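Summary of structural features
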Amino acid sequence: MSLGEQTRMTGVDLTDNRSVLGSGGRKPANAWLVALAVYFGTTLVVYGAILAPIAAPPAGGVMSPQYVPPSGNRIVDALTAWDAQWYLDIAENGYTYEPERQSAVAFFPAYPLLVRAVRAVFPLSFRGAGLLVSHAMFVGALALLRIYSQKRFPAASPGLSAYTMIALALFPSSFFMRMAYTESLFLFLCLAVFVGMECRWPLGVLALMVGATTAARSVGVAMLAPLAMYVYEQSGCWRRAAGRLVWLGPLAVWGLAAYILFQWYAFDAPLAFAKTQHFWRMRPPRPVGETLLALGSWEPIWSVYLRGTYCYWREIDRGLPLALSYHSANCVAFVGAAALLLVGGLKGWLARRELVLGALLLAIPYVLASYRFCMGSQARYVSVVFPIYVVLGQFLCRIPRAAALAVLACFGGYLAWFSAMLSAGYVTV
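Summarised in this report is the structure supplied together with it. (Residues numbered from 1 in each chain as written. Predicted model: local features only at pLDDT ≥ 70, side-chain atom pairs only at ≥ 80, totals over all residues. Heavy atoms only, no water.)

**Overview of the state of the cysteines**
Cut-off, in case you're wondering: Here, the term disulfide refers to a pair of cysteine sulfur atoms separated by no more than 2.5 Å. The secondary structure listing takes helices from DSSP runs of H or I that are at least 4 residues long and strands from runs of E that are at least 2 residues long, numbered from the N terminus.
Applying the stated criterion to the full structure yields 1 disulfide. Note that Cys311 is cross-linked by a disulfide to Cys374, the S-S spacing being 2.1 Å. Here the S-S torsion is close to -60 degrees, and the disulfide linking Cys311 with Cys374 is therefore left-handed. You can see Cys311 sitting in the loop between helix 15 (299-302) and helix 16 (313-316) and its partner Cys374 sitting in the loop between helix 18 (352-373) and helix 19 (378-382), a full 63 residues away along the chain.

Below, the structure written as structure tokens:
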């Protein structure tokens, strides 16, 4: 009888992180303490790279907007650049919408509301409150990923959960998890839902948590698919599952629904968040048919390497070799994540709902943003696809330790380099 079957029959979670003994009968380290240790160790890499003059400022580059005045602290200013400026301005001044230009409504409300709430409790600036939220959520995400991997693979060696967590902490685009961005909050919420599924939390609670992901990022709608799959698994047939989804569905989109209603009330434009996206782009729009053809032929990826196109990497990361180009890294991260999901599916390392979520978290930003942005930001979007860390953990456990450490060192090197690029003013969003 498997541990999962025993859990279902006895009601006792035999894979709980606090009760499972590791090898040799030793109690494993508390997930939250381990997460803190990994967080501090890897965040020092980011801070050190920001302070060290590794990357020179780009010639004629576009600089981050300054809706929030600079603090004068190099680390704080680097971690609150680019989109963080929008989020912090929303937290301080609320939403605005101007139909003919970029507007704050493009950014979803969960993060700025949380920043405002933290600032109301602690004597912090908006920058400080934003970074506190992001870093706390990142520590939480690391701990939840460790707990989740232990629950998913209770018979695996302790090294699996450790490698999985370290792969996330050193992932090259994980510097966004330390910025005043929504990545760490969104990842934390996604992992909380999946941990809840493993622990068989009430369906209503899971639906409300999924709804919270739709308030954090538009791609939160991808969480509806694994929730529906889980409801079916717990129901035994589609008829019963459909009956449950009738009332669970509205709960699972409460965040998005509330934001749409707010925009309708405040600006008489319920889909303002979608309309304003038109003004965020790196190249001119094309007819829908041509755009779809470009997406289907993977043109946003290969055009990054084609001289003379809008997306050519040398025109964006000027003066850098290909191996150090963040714009190229967007493509590498996307293709690499897709390959990891494929391997995870073929090897049986990923459950179906993990595969579906991973595929949707890649596909939605690719379809909606990759053409407009020439694959820009795709590495950031990939960083929240937590199933890839499950696969990386399995892979690192199976190769020689020296090789695993070399892979992680490579990740750490790129994490440091991209953090230095961010500090120098390169467009790494």
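**Some thoughts on unusual backbone geometry**
We apply this condition: Burial status follows relative accessibility: with a 1.4 Å probe on protein chains alone, a residue under 20% of its type maximum counts as buried, one over 50% as exposed, and anything between as partly exposed.
Positive phi, normally seen in glycine, also occurs at Arg200, with a value near 60 degrees. Of the residues examined, Arg200 reaches a relative accessible area of 44% and is grouped as partly exposed. The backbone of Asp268 sits at a positive phi, close to 55 degrees, despite the residue not being glycine. Position of Asp268 relative to the elements: it lies in the loop between helix 12 (254-267) and helix 13 (272-275).

**So, the packing of helix 2 (residues 31-51) against helix 7 (residues 158-170)**
A pair of packed helices can be characterised by two numbers: the angle between their axes and the separation between those axes. Put simply, the test is: To define axes, lines are fitted to C-alpha atoms, for helices over the stretch in contact only, and angles between the resulting N-to-C directions are given on a 0 to 180 degree scale. Take the far helix as the reference: if the near one is turned anticlockwise from it by less than a right angle, the crossing is left-handed, and if turned clockwise, right-handed. The criterion used for residue contact is that any of the two residues' heavy atoms lie within 4.5 Å. Classification used: nonpolar for Ala, Val, Leu, Ile, Met, Phe, Trp, Tyr, Cys and Pro, charged for Asp, Glu, Lys and Arg, polar for all others including Gly.
Contact geometry of helix 2 with helix 7 gives a least axis separation of 10 Å together with a crossing angle of 35 degrees. Handedness of the crossing formed by helix 2 with helix 7: right-handed. On the side of helix 2, the interface is formed by Val34, Ala35, Val38 and Thr42, while helix 7 contributes Met165, Ile166, Ala169 and Leu170. Here the contact of helix 2 with helix 7 is built from residues that sort into 7 nonpolar, 1 polar and no charged.

**Regarding the environment of Gln85**
Note the cut-off: For the purposes of these results, a polar contact is taken to be a pair of N or O atoms within 3.5 Å, where, inside protein, one atom must be able to donate a hydrogen and its partner to accept one; residues adjacent in sequence count only when each atom of the pair is a side-chain atom.
Along the chain, Gln85 falls in helix 4 (residues 83-93). C-alpha of Gln85 to C-alpha of Pro69: the two residues are 16 residues apart in sequence and 9.3 Å apart in space. Those residues in contact with Gln85 that lie beyond four places of it in its chain are Ser64, Pro65, Gln66, Tyr67, Val68, Thr80 and Arg127. Within polar-contact distance, the side chain of Gln85 engages the backbone oxygen of Thr80 at 2.7 Å.

**Some words on the side chain of Ser423**
For Ser423, the position within the fold is in helix 21 (residues 401-424). Among the polar contacts made by the side chain of Ser423, one reaches the side chain of Arg74 at a distance of 3.2 Å. Leaving out residues up to four positions away in the same chain, Ser423 has contacts with Ile50, Arg74 and Ala78.

**As for the nonpolar core**
One recurring pattern in soluble globular proteins: nonpolar side chains tend to sit buried together. To be explicit about the condition: Working definition of a nonpolar core: buried Ala, Val, Leu, Ile, Met, Phe, Trp, Tyr and Cys residues. They are joined through side-chain atoms within 4.5 Å.
Phe386 and Tyr389 are the most contacted members of the largest nonpolar core, which totals 144 residues. The dominant element in this core, judged by the number of residues it contributes, is helix 6 (residues 126-152), at 13 residues.

**Re the pattern of salt bridges**
Oppositely charged side chains are able to pair whenever their charged atoms sit close together. Going by this rule: By convention in these notes, a salt bridge is any Lys or Arg side-chain nitrogen within 4 Å of a carboxyl oxygen on Asp or Glu.
Applying the stated criterion across every chain, the model contains 11 salt bridges. Residues joined in a network through salt bridges with shared partners are Asp83, Glu183, Arg217 and Arg380.

**Some remarks on the packing of helix 2 against helix 21**
Note the following rule: Note on angle classes: values under 35 degrees are labelled roughly parallel, values over 145 roughly antiparallel, values of 65 to 115 roughly perpendicular, and the remainder oblique.
As a packed pair, helix 2 and helix 21 sit with axes 7 Å apart at the nearest point and diverge in direction by 40 degrees. When the interaxial angle is binned, helix 2 and helix 21 end up oblique. In this structure, the crossing between helix 2 and helix 21 has a hand that is right-handed. Where helix 2 abuts helix 21, its residues Thr42, Val45, Val46, Ala49 and Ile50 lie against Gly412, Leu415, Ala416, Ser419, Ala420 and Ser423. Residue composition of the contact of helix 2 with helix 21, by class: 7 nonpolar, 4 polar and no charged.

By themselves, these are just geometric observations and shouldn't be taken as functional.
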